[in-house]
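Topology and contacts: notes
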Amino acid sequence: MERQDIRNIAIIAHVDHGKTTLVDVLLRQSGVFRDNQIVAERVMDSGDIEKERGITILSKNTSIVYDGVKINVIDTPGHADFGGEVERVLKMVSGVVLLVDAFEGPMPQTKFVLKKAIELGLKVIVCINKVDRPGARPEEVVGEVLDLFIELGADEDILDSPFIFASAKEGWASEDSDQRGDNMKPLFNAIIEHIDPPAGDKDKPAQLLISTIDYSDYVGRIGIGKIENGSIHKNDQMLLINAADPDKRKSVKISKIYEFEGLNRVEKDGSTAGNIVAVTGIDDINIGDTICDPDLDEALEFVKISEPTLSMTFAVNNSPFAGREGEYVTSRQLRNRLYRELETDVSLKVEDTDSTDAFKVSGRGELHLSVLIENLRREGFEFQVSKPEVLFKEVDGKRQEPMEKVTIDVNQEFVGAIIEKLGRRKGELLTMQEPSGGYSRLVFRIPARGLIGYRQEFITDTKGNGIMNSEFEGYAPYKGDIPRRKTGSIISFDTGTASAYGLHNAQDRGDLFVEPGEEVYSGMVVGSSPKGLDLEVSVTKTKKQTNVRASGSDDALRLSPIKDLSLEEAIEFIEDDELIEITPQSFRIRKTILDANKRYKANKNK
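Residues numbered from 1 in each chain as written. Predicted model: local features only at pLDDT ≥ 70, side-chain atom pairs only at ≥ 80, totals over all residues. Heavy atoms only, no water.

Test applied: UniProt positions are given in the numbering used here, feature names are shortened, and annotations may be inferred rather than shown by experiment.
Under the annotation held in an unreviewed UniProt entry, the protein carries the name Large ribosomal subunit assembly factor BipA and is attributed to Aedoeadaptatus coxii. Here the protein is described in UniProt, under the heading Subunit (unreviewed entry), as follows: "Monomer." Recorded under Sequence similarities (unreviewed entry), the UniProt text for the protein is reproduced unchanged: "Belongs to the TRAFAC class translation factor GTPase superfamily. Classic translation factor GTPase family. BipA subfamily."

Right under this line is the structure:
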């Protein structure tokens, strides 16, 4: 029995095609906010990092009431690194709004999220967004989307999906690409007419599949999912089971039930099949768990999440400055926090190592792991991380490695440099489209390890004008050695405070990372050398006093601007024998072996 008063949808798209902006305008036009209410832009991006970077990291739930129908909306991330978020939330919905930029057209992540939706048999509404931007080509993009449907083996029903043309920023939608709309009604109507109501029988025994976990200091763990069948009420005695873990069986009691209304969770006495709800009172509830009627005892299948492809070692900080800036510094605190992350991030994997002070953390990509590092840093943790490594597989006795499909949009003048650089990194050029508006689109297949450390080089080579996107394509035989970075490290020879005099002498050797007055220690990397060799310098050296020295002469030394690396740039920069020391206030690059003599012996033995 279908519930005609509910629609459950997810908004899926490539990064920066306007998902969160679209949800904003749908909320505004459905009357969720008062006319005079001040609301931040991209209200769904609630995390600090999401606001700063303008990206969605975690999927978010909200609901809109339109024409008497409650539309539960899930805003999903667009980066491939957070694809695990997309994969699991699609289990809660009956259809998707596929958002495509009217200028860029379908991009790698568009293909990834659409493929997942088609595999789950979901209905699709295509929304061509940003039709008002210069260079928009909505009619061509419609053809590209249909080509993508055919490429993914979509059935007739998907090929007949409705197309809506919109400008989420301006707040209008239209069924005609040549006509400007007045509001978002055409999209609202398409959702109600084309997306199936949730299937489920409220008279059957209760079943609720948990797709997302949240946490509150007041009520503890919160499980979010769709009620597949039956009804669930406050204080019900239920059974907690998991299709992937037959040993998991526990009698549980539901303390509270919440439904989503606008941006709020509203407490209810009960809820029935088809609704997306949040439940509390179950301490060890996890993603993929089924809460069901004790008499039914039947677990629901959960989507298989793609495996991680990249790993880093997270270890206790053992530098000379350890413990100065962090609140949580012990291996027990670090271990507990990393394992707690597994409860909400299904794409992450954490393993203990031979050392009690180090843990192997595997994720979907550099961005995935760097966001975790940034979250830990902001929470007060102090630790150190190694250079990322790809995860190899043994298939039929042969070594295989993860491959990425890379799509690059770049000005024609930079094409030669990119083909040369990626060729050296074992990249294989698959297609090259004719220039459109001065830009060419190149598609490469390349080992995942070939991309480590390349993004910064790419920005430099294209003068900041290139766009690069990648998606995991699968495993393939090992492609051979890839050249390492060409720059060497400038290493501090002693411990102390960096002086203008010492830095002035060192800056001729390359780009520096530290400023006068910064504390440094022996073995800390203070810059990069273009010669490709590691150099040791004293940046703490001061000018000897003489009777002819004028006061303030040090101030007259001209220092070049430092190269202020972001966390991602530092991760790309470090080599196998280097670490990044992460603290709440700063991060420093250092050699794994700080002592110069021991480092020399280790390199000699190698």
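**Comments concerning the side chain of K421**
We apply this condition: Secondary structure counts use DSSP, requiring at least four H or I residues in a row for a helix and at least two E residues in a row for a strand, with both numbered from the N terminus. Here a polar contact is recorded for every N or O atom pair within 3.5 Å, except that within protein the pair must consist of a potential hydrogen donor and a potential acceptor, and residues adjacent in sequence are included only if both atoms are side-chain atoms. Note on contacts: a residue pair qualifies if any of its non-hydrogen atoms lie within 4.5 Å across the two residues.
With respect to the element layout, K421 can be found in helix 10 (residues 415-424). Separated by 2.6 Å, the side chains of K421 and D461 make a polar contact. Other than its neighbours up to four places away in sequence, K421 contacts Y454, E457 and D461.

**Some details on the packing of helix 4 (residues 108-119) against helix 5 (residues 138-151)**
Note the cut-off: Angles run from 0 to 180 degrees between N-to-C directions of axes, and those axes are lines fitted to C-alpha atoms, restricted for helices to the stretch in contact. Oblique is the label for any angle not covered by the other classes, which are roughly parallel (under 35 degrees), roughly antiparallel (over 145) and roughly perpendicular (65 to 115). Throughout, a crossing is termed right-handed when the near helix is turned clockwise from the far one, and left-handed when it is turned anticlockwise from it by less than a right angle. Throughout this entry, Asp, Glu, Lys and Arg are counted as charged residues, while Ala, Val, Leu, Ile, Met, Phe, Trp, Tyr, Cys and Pro are counted as nonpolar. The remaining residues, Gly among them, count as polar.
Running from N to C, helix 4 and helix 5 point in directions that differ by 50°, and their axes come no closer than 11 Å. Looking at the two axes, helix 4 sits oblique to helix 5. Judged by the twist between their axes, the crossing of helix 4 over helix 5 is right-handed. Along its contact with helix 4, which presents T110, K111 and L114, the element helix 5 presents L148, F149 and E151. Among the residues making up the contact of helix 4 with helix 5, the classes are represented as three nonpolar, one polar and two charged.

**Thoughts on the packing of aromatic side chains**
Operational definition: In summary, the pairing rule links any two rings of Phe, Tyr or Trp, Trp by its six-membered ring, whose centres are within 6.5 Å, and it sorts them by plane angle into stacked for under 30 degrees, edge-to-face for over 60 and tilted for everything else. With a 1.4 Å probe rolled over the protein chains alone, any residue whose accessible area is under 20% of its type maximum counts as buried; one over 50% counts as exposed, and the rest are partly exposed. Each ring is checked for a lysine NZ or an arginine CZ that lies within 6 Å of its centre and within 35 degrees of its normal; such an atom marks a charge sitting over the ring.
If you walk through the whole model with that rule in mind, you get eight aromatic pairs. Summarising the aromatic geometry, the rings of Y66 and F188 are spaced 4.5 Å apart at their centres and angled 10° between planes, so their arrangement reads as stacked. In this pair, Y66 sits in strand 2 (residues 60-66) while F188 sits in helix 7 (residues 185-194), placing the two residues 122 residues apart along the sequence. Across the pair, exposure class does not vary: Y66 and F188 are buried alike. Centroid distance Y328 to F381: 4.8 Å. Interplanar angle 35°. Geometry classified as tilted. One end of the pair, Y328, is in the loop between strand 18 (310-316) and helix 8 (331-341); the other, F381, is in the loop between helix 9 (366-378) and strand 21 (383-386), with 53 residues separating them in the sequence. When its relative accessible area of 6% is taken as the criterion, F381 is described as buried. One residue, K393, lies across the ring of Y475, its end atom 4.5 Å from the ring centre. Between R399 and the ring centre of Y478, over which it is positioned, the NZ or CZ distance is 4.8 Å.

**Remarks on a negative patch on the surface**
How we decide: Like charges are joined within 9 Å and nonpolar side chains (Val, Leu, Ile, Met, Phe, Trp, Tyr) within 5 Å, but only among residues with over 30% relative accessible area and no salt bridge; these make up the patches. The accessible surface values rely on the Shrake-Rupley method and a 1.4 Å probe; as for residues, cover is taken only from the protein chains in view. Every case where a carboxyl oxygen of Asp or Glu lies within 4 Å of a side-chain nitrogen of Lys or Arg is listed as a salt bridge. Note that His is not counted, nor are the chain ends; the positive residues are Lys and Arg, and the negative ones are Asp and Glu. Where a charge lies is defined by one atom per residue type: Lys uses NZ, Arg uses CZ, Asp uses CG and Glu uses CD.
On the surface, E139, E175, D176, D178 and E193 cluster together into a patch of negative charge. Take D176: it is sitting in the loop between strand 7 (172-174) and helix 7. Judged by relative accessible area, which is 33%, D176 ranks as partly exposed.

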